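Coordinate inspection notes
The primary structure of each chain is shown beneath.
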Amino acid sequence: YARSRVRFTAQGLRSLRQRLDLSANDFAKLIGVSGQSIYKWEAQKARPRASQVAALATLRGLGKKEAAARLKALEDSQG
């Protein structure tokens, strides 16, 4: 089911990133933003756009292995 509104919290983002054991830069690659964006979101200095929140939501169901595999696939496809 698709929820029209996904909640975003800085704490939720940080805990998701830590659960997946990813650096801000690696986490950022998975959603197509800069590592700086992740730091700003976690520090509550900025908020992600709706499309970015949706991308974040797709990562919630991942485990560490899936996240690592996606990251590797991204890096492989970029050369």
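Residues numbered from 1 in each chain as written. Predicted model: local features only at pLDDT ≥ 70, side-chain atom pairs only at ≥ 80, totals over all residues. Heavy atoms only, no water.

**Quick word on the side chain of glutamine 52**
Within the element layout of this structure, glutamine 52 appears in helix 4 (residues 50-59). With a relative accessible area of 13%, glutamine 52 lands in the buried category. (Helix = DSSP H or I, 4+ residues; strand = E, 2+ residues; numbered from the N terminus. Buried < 20%, exposed > 50% of the residue type's maximum accessible area, 1.4 Å probe, protein only.)

**Here we look at the nonpolar core**
In globular proteins that are soluble, nonpolar side chains generally tend to be buried together. Counting 20 residues, the largest nonpolar core has Phe27, Ile31, Ile38 and Trp41 as its most contacted members. Elements that contribute at least two residues to this core include exactly helix 1 (10-19), helix 2 (24-31), helix 3 (35-42), helix 4 and helix 5 (64-77). The greatest single-element share of this core, amounting to 5 residues, is contributed by helix 2. (Core = buried A, V, L, I, M, F, W, Y, C linked by side-chain atoms within 4.5 Å.)

**Concerning the pattern of salt bridges**
The final tally for this structure, using the stated rule, is 5 salt bridges. Linking lysine 29 and glutamate 75 is a salt bridge whose minimum nitrogen-to-oxygen distance equals 3.5 Å. Residue lysine 29 is found in helix 2, and its partner glutamate 75 is found in helix 5; the two are separated by 46 residues along the sequence. For glutamate 75, a relative accessible area of 37% corresponds to the partly exposed category. Across the pair aspartate 76 and lysine 72 runs a salt bridge, and its minimum N-O distance is 3.0 Å. Here lysine 72 and aspartate 76 lie together in helix 5, a separation of 4 residues that amounts to about one turn. Among the charged side chains, a salt-bridge network with shared partners connects Arg14, Arg17 and Glu42. (Salt bridge = Lys/Arg side-chain N within 4 Å of Asp/Glu carboxyl O.)

**Considerations on unusual backbone geometry**
The residue aspartate 21 is not glycine, and still its phi comes out positive at about 60°. Locating aspartate 21 in the fold gives a position in the loop between helix 1 and helix 2.

**Overview of helix 3**
Residues Gly35, Ile38, Trp41 and Glu42 constitute the buried set of helix 3. Mapping the buried residues of helix 3 onto a view down its axis gives an arc of 125°, with all of them on the same face. As for helix 3, its buried residues are in contact with helix 1, helix 2 and helix 4. Looking at the residues trailing helix 3, positive phi occurs at glutamine 44, about 60°. (Arc of directions from axis to C-beta. Contact = heavy atoms within 4.5 Å.)

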